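Residues per chain are reported as follows:
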Amino acid sequence: MSDENTSPAGAGAPDGPEPDELIYVVEDAIATITLNRPQVRNAFTLTMIDRWADALRAAEADPQVRVVVVTGAGGAFCSGIDLAVLSGIEPTPIARRRMLTEGVHKVARAVLDLSKPLIAAVSGVAVGAGLDMALMCDMRFAARSARLSEGYIRIGLVPGDGGTYLLPRLVGPAKALELLLSGDTVDGVEAERIGLVNRVYDDEATLLAETYAFARRLAAMSPISSAMIKKAVYQSQHLDLRTNLDLIASHMAIVQSTEDYAEARAAFGERRAPTFVNR
């Protein structure tokens, strides 16, 4: 199904002063990045990109943070790049390339450096680069009414923020090409069916409650083991099984030498919750 009223690249800039366009909060070992331009469905600017990447780096560096959640304010996830940003770029190939490589792609590089679980809570629209930002996350939870689209083709563009790399790895090349070449929109239910999102919930309130409940479960796990599992999963996509097994043997030896492993074993035997110290 298509949504002709949704711009894949974003919306025009609003009138009046800008609010704080990105909010970063840490609570109960969970860092939350909230995209906060609801008047344009959280279309992002380049200054917002800088803060987004900085927030991811801050979460990585903070030993108190165990899980990161990214979401959007006002009933939308992200409608992509603000069209005013595109209009302001010098119309030369090098300037347009640098807008991505030295601007928008900062978030992708910060995601690649994040060792902690990253969950996107998607309500409303996630379109174009907005969907790409969700695809970068380790997991995606969505509201039933969410509308997800790689709609670049509708305005004559190619996916500029990892969509052609990330989407086929989630839904397979054939389904990815169907969505990329048509620009069609899927709702949360269909997105779950095809493997685009992990879980779907009836409404935004339930989505956020369940996302944080799951994030708290992850935050209670061993941070060393979580980081190594995440790294092994992504590395293994580019390795043969023999190399993967050799890698895991080294990971296992390291994990078993940590204080957190000893604590996990003791807590399991004593039927209590473990207290991890990330050592």
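Residues numbered from 1 in each chain as written. Predicted model: local features only at pLDDT ≥ 70, side-chain atom pairs only at ≥ 80, totals over all residues. Heavy atoms only, no water.

A. The arrangement of the packing of helix 9 (residues 223–236) against helix 10 (residues 241–255) in detail. Look at helix 9 against helix 10: their axes get within 11 Å of each other, and the N-to-C directions meet at 170 degrees. As summarised for this structure, helix 9 and helix 10 are arranged roughly antiparallel, according to the angle between their axes. Contact with helix 9, carried on its side by Ile224, Ser225, Met228, Lys231, Ala232, Gln235 and Ser236, involves Asn244, Leu247, Ile248, His251, Ile254 and Val255 of helix 10 and no other residues of that element. Of the residues belonging to the contact of helix 9 with helix 10, the class tally is 7 nonpolar, 5 polar and 1 charged. (Axes fitted to C-alpha atoms, helices over the stretch in contact; angles between N-to-C directions. Helix = DSSP H or I, 4+ residues; strand = E, 2+ residues; numbered from the N terminus. Parallel < 35°, antiparallel > 145°, perpendicular 65-115°, else oblique. Contact = heavy atoms within 4.5 Å. Nonpolar A, V, L, I, M, F, W, Y, C, P; charged D, E, K, R; others polar.)

B. The arrangement of the side chain of Arg37 in detail. Following the sequence through the fold, Arg37 ends up in the loop between strand 2 (30–35) and helix 1 (46–61). In terms of polar contacts, Arg37 uses its side chain to reach the side chain of Asp82, at 2.9 Å. (Polar contact = N/O pair within 3.5 Å; in protein donor to acceptor, adjacent residues only side chain to side chain.)

C. Inspection of unusual backbone geometry at higher detail. Positive phi is not limited to glycine here, since Arg41 has a value of about 55 degrees. As for its placement among the helices and strands, Arg41 is situated in the loop between strand 2 and helix 1. Accessibility expressed as a relative area gives 25% for Arg41, which makes it partly exposed. For Asn42, which is not glycine, the phi dihedral falls at a positive 60 degrees. The topology assignment puts Asn42 in the loop between strand 2 and helix 1. (Buried < 20%, exposed > 50% of the residue type's maximum accessible area, 1.4 Å probe, protein only.)

D. Quick look at the pattern of salt bridges. Taken as a whole and assessed by the stated rule, the structure comprises 12 salt bridges. In this structure, Glu178 engages Lys175 in a salt bridge whose closest nitrogen and oxygen atoms are separated by 3.1 Å. With Glu178 and Lys175 both in helix 6 (residues 173–182) and 3 residues apart, the pair spans about one turn of that helix. By sharing partners, the salt bridges in this structure join Glu263, Glu270 and Arg272 into a single network. (Salt bridge = Lys/Arg side-chain N within 4 Å of Asp/Glu carboxyl O.)

E. Fine view of the sheet that holds strand 9 (residues 199–201). Strands sit in the order 1-2-3-4-6-9 across an open sheet of 6 strands; the sheet is mixed. The open sheet has two edge strands with one neighbour each: strand 1 (22–27) and strand 9. For this sheet, the mean inter-axis angle between neighbouring strands, taken without regard to orientation, is 20 degrees. Pairing geometry for strand 3 (residues 67–72) and strand 4 (residues 118–122), over 3 bridges, is parallel. Paired with Val70 across the strands is Ala120, a residue of strand 4. Each of strand 1, strand 2, strand 3 and strand 4 is contacted by helix 1, which is oriented at about 15 degrees to strand 1, the strand it contacts most. (Pairing = 2+ DSSP bridges.)

F. Region of interest: the packing of aromatic side chains. Going through the model one piece at a time under the given rule, you end up with 3 aromatic pairs. Ring geometry for Phe44 against Trp52: centres 6.3 Å apart, planes inclined by 80 degrees, an arrangement best described as edge-to-face. Residues Phe44 and Trp52 agree in their burial class; the two are buried. The interplanar angle of 65 degrees and the centroid separation of 5.4 Å between the aromatic rings of Phe141 and Phe214 together place this pair among those described as edge-to-face. Taken together, the positions of Phe141 in strand 6 (residues 139–143) and Phe214 in helix 8 (residues 204–219) put the pair 73 residues apart, joining distant regions of the chain. The ring of Tyr165 carries Arg169 above its face, with NZ or CZ at 3.5 Å from the centroid. (Phe/Tyr/Trp six-rings, centres within 6.5 Å; stacked < 30°, edge-to-face > 60°. Lys NZ or Arg CZ within 6 Å of the ring centre and 35° of its normal.)

G. Representation of the environment of Val255 in the model. Of note, Val255 is situated in helix 10. Residue Val255 is classed as buried on the basis of its relative accessible area of 12%. Residue contacts for Val255: discarding those within four places in its chain leaves Ile224, Ser225, Met228 and Tyr261.

H. Structural detail: the sheet that holds strand 5 (residues 125–127). Pairing is mixed across the open sheet formed by 3 strands, whose spatial order is 5-7-8. The outermost strands of the open sheet, each flanked by one partner alone, are strand 5 and strand 8 (185–187). Strand-to-strand twist of the sheet, defined as the mean angle between neighbouring strand axes without regard to direction, takes the value 15 degrees.

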